[in-house]
Amino acid sequence: MNTTSPQSAPNRKRPFIVAGNWKMNKLLEEAQALCKEIYDPVLKEKWNQVLSVILIPPFPYLHPLKQLLAKPDILYLGGQNCHESRGGAFTGEVSTEMLKSVGATYVLVGHSERRKYFGEKNDLLSSKINNVLSTDLTPIFCCGESLQVRNKNLHIPYVCEQISNTLFHLSARDIKKVVIAYEPIWAIGTGNTANREEIQEMHEAIRNHLTIQYDDETAQAIPILYGGSCKSENAEVIFSCPDVDGGLIGGASLEATSFNAILEITVNILKNQS
Ligand code: PGA
């Protein structure tokens, strides 16, 4: 059984997740400083039944950051990628068991930068998802369309197909252990965020797609995060969409002030919902 997924509060159908993807940024001391600045403000609130905050640093920082998280009841660590095999002669790669051994509980799978720069396709991503789940870690599966696809009005079938091709071999029991992150490629790192209607439309379409393949109870249990230029200026609007269960934050997670501002907004939204 996967024991890493956060519990949802009784009045929330799904856990709420704010994840910071640091990508290939920061040196060790900077990463430690950022982690310390994030840790304290979040821990003051007892939100561990509702909110999980995930830091997704470069691999070499997972273990040192784990040392800073003495009581990891709200702040978790994630890997940015993993190999699809359990181990062996794969120079330069990192296995899910290794990630687990240095303190990660989540793993990003299929980030658009992995798809674009490293040619990762749905078949490979399916194997990675299986590997992450079999290690008892939680995959955060990223999906999203290019501007070209959106301009042709094909964004919903495109994203639904990414999900079917990569996740629909899983049983209902296993897919409930997956977190989905919808990240329109045209919004990642560009400052162009999808608007509220576009985000809710896609998240609802993803949930309907899950309901058709599985059932409503399963679809309602899966957190769907939004990513793509999410920042303190738009977090309130994005996070109050009914089918948005948090965010995958890139640029705005690299500074404590901007990430903490997003966390503060999140806590206020959750307070109002409780
Ligand atoms: P961004 O990145 O917030 O800088 O757009 C998001 C991501 O790539 O996960």
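Refer to the structure printed above.
Now for a description of the structure that goes with this document. (Residues numbered from 1 in each chain as written. Predicted model: local features only at pLDDT ≥ 70, side-chain atom pairs only at ≥ 80, totals over all residues. Heavy atoms only, no water.)

1. Section: the pairing of strand β6 (residues 179–182)
Thinking step 1. Burial along β6 is two-sided: the face carrying Val179 and Ala181 and the face carrying Ile180 and Tyr182 are both buried.
Thinking step 2. Alignment of strand β5 (residues 138–143) against β6, held across four bridges, turns out to be parallel. Among the inter-strand pairings, phenylalanine 141 is bridged to a residue of β6, identified as isoleucine 180.
Thinking step 3. Two elements, β6 and strand β7 (residues 224–227), share three bridges in a ladder whose sense is parallel. The partner of isoleucine 180 across the bridge, within β7, is isoleucine 224. (Buried < 20%, exposed > 50% of the residue type's maximum accessible area, 1.4 Å probe, protein only. Helix = DSSP H or I, 4+ residues; strand = E, 2+ residues; numbered from the N terminus. Pairing = 2+ DSSP bridges.)

2. A closer look at the nonpolar core
Thinking step 1. Grouped together as the largest cluster of nonpolar side chains are 69 residues, with contacts concentrated most on Ile163, Leu167, Ile180 and Phe239.
Thinking step 2. Residues contacting phenylalanine 239, with those up to four places away along its chain left out, are Phe16, Val18, Cys230, Val244, Gly246, Gly247, Ile249, Ile262, Thr266 and Ile269.
Thinking step 3. By size, the runner-up hydrophobic cluster in this structure holds 13 residues, among which are Tyr106, Leu108, Cys142 and Ala181. (Core = buried A, V, L, I, M, F, W, Y, C linked by side-chain atoms within 4.5 Å. Contact = heavy atoms within 4.5 Å.)

3. Some details on the pattern of salt bridges
Thinking step 1. Scanning the entire structure with this criterion turns up 11 salt bridges.
Thinking step 2. Note that arginine 114 is salt-bridged to glutamate 120, the shortest N-O span being 3.1 Å.
Thinking step 3. Since its relative accessible area comes to 5%, glutamate 120 is described here as buried.
Thinking step 4. Two residues, lysine 177 and aspartate 174, come together in a salt bridge whose shortest N-O distance is 3.0 Å.
Thinking step 5. Using a relative accessible area of 16% as the deciding quantity, one classes lysine 177 as buried.
Thinking step 6. Taken together, the shared-partner salt bridges connect Arg14, Arg207, Asp243 and Asp245 into one network. (Salt bridge = Lys/Arg side-chain N within 4 Å of Asp/Glu carboxyl O.)

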